[in-house]
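Analysis of the macromolecular model
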Amino acid sequence: MTPKKTKLKHGNKDLALVLKSHQETLSVQLVADWAARLHISNQEATLLVNTTLAQLIEALDSGATDRLANPFAEWARGQAEKGLQAESLLRLGHSLCWNTWNVIEGAGGVTTWLRELVDLIALAQVAAVKAMTEARDVQQRQTLSLEQSRVADMAQAQARLTQQIRELSSPVIKVWEEVLILPLVGSIDSSRATRVMEDLLLGIVSHQAEIVIIDVTGVPVVDTHVVTHLVQTVKAASLLGTQSVLVGISAEVALSMIHLGVDLNEIKTRRDLQSGIEFALQALDLQVVSKDMPDIEDEVG
Amino acid sequence: MTLNVPRIPILQIENFLVASIQTELHDKTAIHFKDDLLQRIYDTKARGLVLDLTAIDVVDSFIARIIGDVAEMAGLMGALVVVTGLQPAVAITLVELGVEMRGVVTALNLEKGIVRLRKLVADDSDVTQPDVRLGETDPAHP
Amino acid sequence: MAESKRVLVHNDLDIVSARVEGRNLAKRLGFGVIDQARIATAISELARNLVLYADGGQISLQALEAGGRRGIQIVCSDEGPGIADIDLVMQDGYSTQRGLGMGLPGTRRLMDEFEIESQVDTGTTVTIRKWLN
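These figures come from a predicted structure and were not determined experimentally.

**Describing the overall build of chain B**
The number of helices and strands found in chain B is 4 helices and 5 strands. Secondary structure elements of chain B, listed N to C terminal, follow the sequence β-β-α-β-α-β-α-β-α. Taken across its 142 residues, chain B has 41% of its residues classed as buried. Long-range pairs, those at least 24 residues apart, make up 80% of the contacts in chain B with a sequence separation of at least 6.

Pasting the structure below:
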């Protein structure tokens, strides 16, 4: 994306001349600062600083703001892959402004020029951060991570859906590639339990599920019969190569399961649906991460 | 009357054997198949076997036992067995019959079975009882 | 009109025939795929007992009609040694010297109705039924 070209209002060429004449002093100060901030060697910092200054001067001279923004964005995109954080980028921009201002003031320059400089650098930063987030998005998609909020949304939508499910149905819902949820609502007698098991297995085959989450939160009484049916269902699913997770099991029910001789190593349980979904995603080597990117545009310009 | 017992073809893919049972499994066929399989594992030093049961619509206690035997003996020869393609109706029937196939790892289809087998063979060394995975349990909060 | 079929069982090929016939009848009566598997497997278990323990026998398959419901009945009978202790063989986990059980408790679980009659030195008859919902 190219930032829009704007003509700087006051004495761009003059500012460019001033910067050119003080380039060496400015460079020394910036190199020391940037090397520290980016944890790079003086050599690397020197190269970066000189390139940036040259581009800044070019941009001021020509009045074309993208002369600074584009190269800076490209540089940032490359750095993002090496782990550069947007916060570091902002600090670089700040450093550039501050040090340049010092030089201009020292040279008796008019500080109204500073405003334009700041705008220019700001534009470059925005371009750079956008490039960085794009690069990171691609990376993220490759590691298939999900924001926690999305997992919570999925659980919420599922809960709403469950409320609408009538007792006699036992639909199987696909929530992610190879992950199914079987929400059970209402009491489960023998014949219903059998239908549930049959529907689940058919669902496993048609969706090619690796993991199924059986949610019994909506079952008022999970007695020994229900537990026996659940165990049978889990065993049948495992014959198809599918892992099962039971969620919504209260402490009392878990205890009665142990008394029934159910091997809790065979049957995984989780407290609630969200935990169940997270378990399922993790089992498939999918990551769940928190959302953490601040909104850059508010901070700059 | 001589019986022409059809042999079930056993293929080799990478260092695994793959056998897909396409015909009705008479007892004699099953027993010959077991013997052939074990012989092939021995001859090829295969690390794993995928047994595809997609076409089987009845697995009674006898057949289940043979499968379990194959898994156990293959294991003794250093090969892991993955059973694939069990039909839902068959899985349910097996569970209701109360028959357990110990030592048998399962997967939904042939492709997943091979992927699974590769993984299992890769982390091998101390695979003893691959029939059921251990997991943590989290009996709910009060 | 009630369908009926009789299969003589003496070897392993007959076991397969019996269960194939059973499945076909179940299918014609309208049983779903999973019930077809249950019925075929139950027949297979019973037929195998004929071959293993009774030196052969016969299996009769019958379509049922009662109280507006349709169903299937399978009667498996032999003139073998009979079962001395029926309660024992009806326990899960019971197995003979060969390490094989008779599969009776499992068979009962697969079907809706299960009856067994046996007399030592005379023979055994097992009757199982499944109904369409």
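There's plenty left to go through after this.
**Some remarks on the overall build of chain C**
Within chain C, the regular secondary structure consists of 4 helices and 5 strands. When burial is assessed residue by residue, chain C has 38% of its 133 residues classed as buried. Within chain C, residue pairs in contact and separated by at least 24 positions form 62% of the contacts whose partners lie at least 6 positions apart.

**Digging into helix 4 (residues 110-122) of chain B**
All names here are of chain B. The terminal C-alpha atoms of helix 4 lie 18 Å apart, and with 13 residues this matches the ideal 18 Å at 1.5 Å per residue to within 8%. When helix 4 is considered as a whole, its buried residues turn out to be Gly 113, Arg 116 and Leu 117. Buried positions in helix 4, seen along its axis, are confined to an arc of 100 degrees and lie on one side of it. Along helix 4, exposed side chains directed more than 90 degrees from the buried face belong to Glu 111, Val 115, Lys 119 and Ala 122. In this structure, the buried side of helix 4 is in contact with strand 2 (16-20), strand 3 (48-52), strand 4 (80-84) and strand 5 (105-107).

**Quick word on helix 2 (residues 33-53) of chain C**
Under the 1.5 Å per step criterion, the end-to-end length of helix 2 of chain C is 30 Å for 21 residues, consistent within 8% with the ideal 30 Å. Where burial is concerned, most of helix 2 of chain C is hidden: 17 out of the 21 residues are buried.

**Some points on the packing of helix 3 (residues 88-97) of chain B against helix 2 of chain C**
Packing of helix 3 of chain B against helix 2 of chain C leaves a shortest axis separation of 9 Å and a crossing angle of 50 degrees. With respect to helix 2 of chain C, the element helix 3 of chain B is oriented oblique. Crossing hand, helix 3 of chain B versus helix 2 of chain C: right-handed. Facing Ala 89, Val 90, Ile 92, Thr 93 and Leu 97 of chain B of helix 3 of chain B, the residues of helix 2 of chain C in contact are Val 33, Ile 34, Ala 37, Arg 38 and Thr 41 of chain C. Grouping the amino acids of the contact of helix 3 of chain B with helix 2 of chain C by side-chain chemistry returns 7 nonpolar, 2 polar and 1 charged.

**What about the sheet that holds strand 3 (residues 179-185) of chain A?**
Residue and element names in this part refer to chain A. The strand order across the open sheet formed by 5 strands is 2-3-4-5-6, and the pairing between neighbours is mixed. At either margin of the open sheet sits one strand with a lone partner, and together these are strand 2 (173-176) and strand 6 (268-270). The mean inter-strand angle of the sheet, taken between neighbouring strand axes irrespective of direction, is 30 degrees. Examined bridge by bridge, strand 5 (residues 243-247) and strand 6 share 3 bridges and lie parallel to one another. The partner of Val 245 across the bridge, within strand 6, is Lys 268. The strands touched by helix 11 (residues 273-283) within the sheet are strand 2, strand 3, strand 4 (211-218), strand 5 and strand 6, with strand 5 carrying the most contacts at an inclination of about 160 degrees.

**Notes on the pairing of strand 3 (residues 69-78) of chain C**
Residue and element names in this part refer to chain C. One ladder, built from 10 bridges, connects strand 2 (residues 57-66) with strand 3; its direction is antiparallel. Paired with Ala 66 across the strands is Arg 69, a residue of strand 3. The antiparallel hairpin formed by strand 2 and strand 3 contains 2 residues in its connecting segment, where Gly 67 sits at a positive phi of about 55 degrees. Sheet topology note: the strand 3/strand 5 (residues 123-131) ladder contains 8 bridges and is antiparallel. Paired with Cys 76 across the two strands is Val 126, which belongs to strand 5.

**A word on the confidence of the model for chain C**
All names here are of chain C. Scored by pLDDT, chain C comes out at a mean of 91, with 94% of its residues at no less than 70. Put simply, helix 3 (residues 86-89) is where chain C has its lowest mean pLDDT, 89, and strand 5 is where it has its highest, 97. Across the interfaces of the predicted complex, the ipTM metric reaches 0.89, alongside a pTM of 0.65.

**Looking at the nonpolar core**
In this structure, Val 212 of chain A, Leu 49, Val 81 and Ala 91 of chain B together with Ile 59 of chain C are the most contacted members of the largest nonpolar core, which totals 110 residues. When residues in this core are grouped by element, the largest group, 9 residues, is from helix 2 of chain C. Once you skip the residues sitting within four places of it in the chain, Val 212 of chain A turns out to touch Leu 180, Leu 182, Leu 200, Ile 204, Ala 237, Thr 242 and Ser 244 of chain A. If you look at the next biggest cluster of nonpolar residues, it comprises 28 residues, including Leu 26, Leu 92, Ala 124 and Met 132 of chain A.

**Looking at the sheet that holds strand 2 of chain B**
All names here are of chain B. Read from one edge to the other, the open sheet built from 5 strands follows the order 1-2-3-4-5, with strand pairing classed as mixed. Every other strand in the sheet has two partners, leaving strand 1 (10-13) and strand 5 as the edge strands with one partner each. Ignoring which end each strand starts from, the neighbouring axes of this sheet average 25 degrees apart. Both strand 1 and strand 2 contribute to a ladder of 4 bridges, which runs antiparallel. The residue of strand 2 that forms the bridge with Leu 11 is Val 18.

Rules and cut-offs
Residues numbered from 1 in each chain as written. Chains lettered and ligands numbered in written order. Predicted model: local features only at pLDDT ≥ 70, side-chain atom pairs only at ≥ 80, totals over all residues. Helix = DSSP H or I, 4+ residues; strand = E, 2+ residues; numbered from the N terminus. Buried ≥ 20, exposed ≤ 12 C-beta atoms within 10 Å, placed from the backbone. Contact = placed C-beta atoms within 7 Å. Expected span 1.5 Å × (residues − 1). Arc of directions from axis to C-beta. Axes fitted to C-alpha atoms, helices over the stretch in contact; angles between N-to-C directions. Parallel < 35°, antiparallel > 145°, perpendicular 65-115°, else oblique. Left-handed = near helix turned anticlockwise from the far one by under 90°. Nonpolar A, V, L, I, M, F, W, Y, C, P; charged D, E, K, R; others polar. Pairing = 2+ DSSP bridges. pLDDT = per-residue confidence, 0-100. Core = buried A, V, L, I, M, F, W, Y, C linked by C-beta atoms within 7 Å.

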